[in-house]
Amino acid sequence: MTPTYLLSDGTSLPAIGFGTYPLKGSEGVEAITSALGSGYELLDTAVNYENETEVGEALRRFLAASGRDRDAVRVCSKIPGRHHAYDDAIASTKDSLHRLGLDHLDLHLIHWPNPSRDLYVEAWQALIELQRQGLVRSIGVSNFTEAHLRRIIAETGVAPVVNQIELHPLFPQAAMRAVHDELGIRTEAWSPMGKRQGQYDAAPVVAAAERLGVTPGQVILRWHVELGSVPIPKSATPSRQVENLSVFDFSLTPEEVEAITALGRPDGRLFDGDPDTHEEL
Ligand SMILES: NC(=O)c1ccc[n+]([C@@H]2O[C@H](COP(=O)([O-])OP(=O)(O)OC[C@H]3O[C@@H](n4cnc5c(N)ncnc54)[C@H](OP(=O)(O)O)[C@@H]3O)[C@@H](O)[C@H]2O)c1
């Protein structure tokens, strides 16, 4: 069992999840089924990944083979930018449930705020209604800045339980993590390994891996755990899926955490748009 965090709405979230982008088709179903068999209890998908059908199929295969019940796995999806208008957000979520073959999502996020369209408050109001109807258990956001977070809270009185943001050793997001702490929001980390910029050879990562007898990838994921962020690493490699989950029986020293955080660079971000104007449809 993965340790969990208690969220502000009283539900819980596993301390690590499995990222499913860009796993698609029969190979995608295999990879996601394999991840579930390794023990992941949280799957991260989105309308824009075009793989909700595969995620649902993998979940059904896993539940049939293991005899576990639906509540053994949390499924998180995301409303795309083109579906922010209230009625579109409701319809989008119902379509996601249909593709997944589920009667509820455990967590549903607004994928990007798309501030220049200025409809993310409507999307948030739709999520509040979907939660009231029981179609979604917990509601959150992704790629929101401090201003976007404060606005949806001010206009609805409801805070998101998570904000899923880019976070990895080259982009440690200290300021946003502090905002989340103040607002009672759990940080979820996308591209937690740093994707193509993975810091597997960086000196503080290698030093901690050698001290602990673990892999550099495990050190990076344990760094997330020490920060209190929920990483959702993607791997199509079964041995890495197992390795990435095995980060709860060792810990980093505060000095090791600090040294890995110090790898952060102003140009370390993978996303190269402007968060205040970026349009992600
Ligand atoms: N909300 C958003 O806007 C947003 C944006 C981007 C991503 N996401 C979510 O975040 C998830 C993860 O992000 P990501 O896929 O971009 O990046 P990532 O998880 O940081 O990196 C994935 C890459 O790292 C490799 N890898 C995984 N574990 C490894 C290990 N232990 N050692 C060495 N290499 C390892 C994988 O290779 P193999 O597969 O070959 O093993 C893959 O190439 C996505 O799948 C998606 O669910 C969300």
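All values derive from a computational prediction rather than experimental measurement.

Trainee: Looking at this structure, how should I read the site of the ligand?
Mentor: Around the ligand sit 28 residues, and of these D44, S191, K234, S235 and T237 come closest. In the model, an oxygen atom of the ligand is placed 2.7 Å from a nitrogen or oxygen of the D44 side chain. A distance of 3.1 Å separates an oxygen atom of the ligand from a polar atom in the backbone of K195. Across the complex, the protein chains shield 86% of the 910 Å² of accessible surface that the ligand would expose by itself. The greatest single-element share of the shell around the ligand, amounting to three residues, is contributed by helix α9 (residues 238–245). Partitioned by chemical class, the residues of the shell around the ligand number 10 nonpolar, 12 polar and six charged.

Trainee: Would you mind showing me how to read helix α5 (residues 146–156) here?
Mentor: Since the α-helix advances by 3.6 residues per turn, residues separated by three or four positions end up pointing in the same direction. Listed as buried for α5 are H148, L149 and I152. Here the buried residues of α5 occupy an arc of 100 degrees about the axis, which is enough to place them on one side. Facing away from the buried side of α5 by over 90 degrees, the exposed positions are A147 and A154. Check the buried side of α5 and you find it contacts α4 (120–132), β7 (136–142), β8 (162–166) and α6 (174–183). Following α5 by one or two positions, G157 has its phi on the positive side, about 75 degrees.

Trainee: Could you clarify how one ought to interpret the pattern of salt bridges in this entry?
Mentor: Once their charged atoms are close, side chains differing in charge can pair, the charge on each being opposite to the other. Counted under the stated rule, the structure contains 16 salt bridges. Across the pair R61 and E30 runs a salt bridge whose closest N-O atoms are separated by 3.6 Å. Of the two residues, R61 sits in helix α2 (residues 52–66) while E30 sits in helix α1 (residues 25–38), which places them 31 residues apart along the sequence. Look at R61 and you get partly exposed, because its relative accessible area is 39%. A salt bridge links E57 to R60; the shortest N-O distance between them is 3.6 Å. Here R60 and E57 lie together in helix α2, a separation of three residues that amounts to about one turn.

Trainee: I would appreciate a short explanation of the layout of surface pockets in the present structure.
Mentor: Regions of empty space are outlined by a rolling probe, equal in size to a water molecule, passed over the atoms. If you add up the space inside the largest pocket, you get close to 910 Å³. Along the wall of the largest pocket there are 35 residues; nearest its centre are Y21, W190, S191, K195 and K234. Element by element, the count of residues in the lining of the largest pocket is highest for α9, at three residues. As a volume, the second largest pocket reaches approximately 150 Å³. What lines the second largest pocket is a set of 13 residues, and nearest its centre among them are N143, F144, Q173, R269 and P275.

Reading guide: rules and limits
- Residues numbered from 1 in each chain as written.
- Predicted model: local features only at pLDDT ≥ 70, side-chain atom pairs only at ≥ 80, totals over all residues.
- Heavy atoms only, no water.
- Near = heavy atom within 4 Å.
- Polar contact = N/O pair within 3.5 Å; in protein donor to acceptor, adjacent residues only side chain to side chain.
- Areas by Shrake-Rupley, 256 points an atom, 1.4 Å probe, with all protein chains shown as cover.
- Helix = DSSP H or I, 4+ residues; strand = E, 2+ residues; numbered from the N terminus.
- Nonpolar A, V, L, I, M, F, W, Y, C, P; charged D, E, K, R; others polar.
- Buried < 20%, exposed > 50% of the residue type's maximum accessible area, 1.4 Å probe, protein only.
- Arc of directions from axis to C-beta.
- Contact = heavy atoms within 4.5 Å.
- Salt bridge = Lys/Arg side-chain N within 4 Å of Asp/Glu carboxyl O.
- 1 Å grid on protein atoms, 1.4 Å probe; cavity = no way out; pocket = protein on both sides within 12 Å on 5 of 7 lines; lining within 4 Å.
- Points joined across faces, edges and corners; volume = space filled by probe spheres on them.

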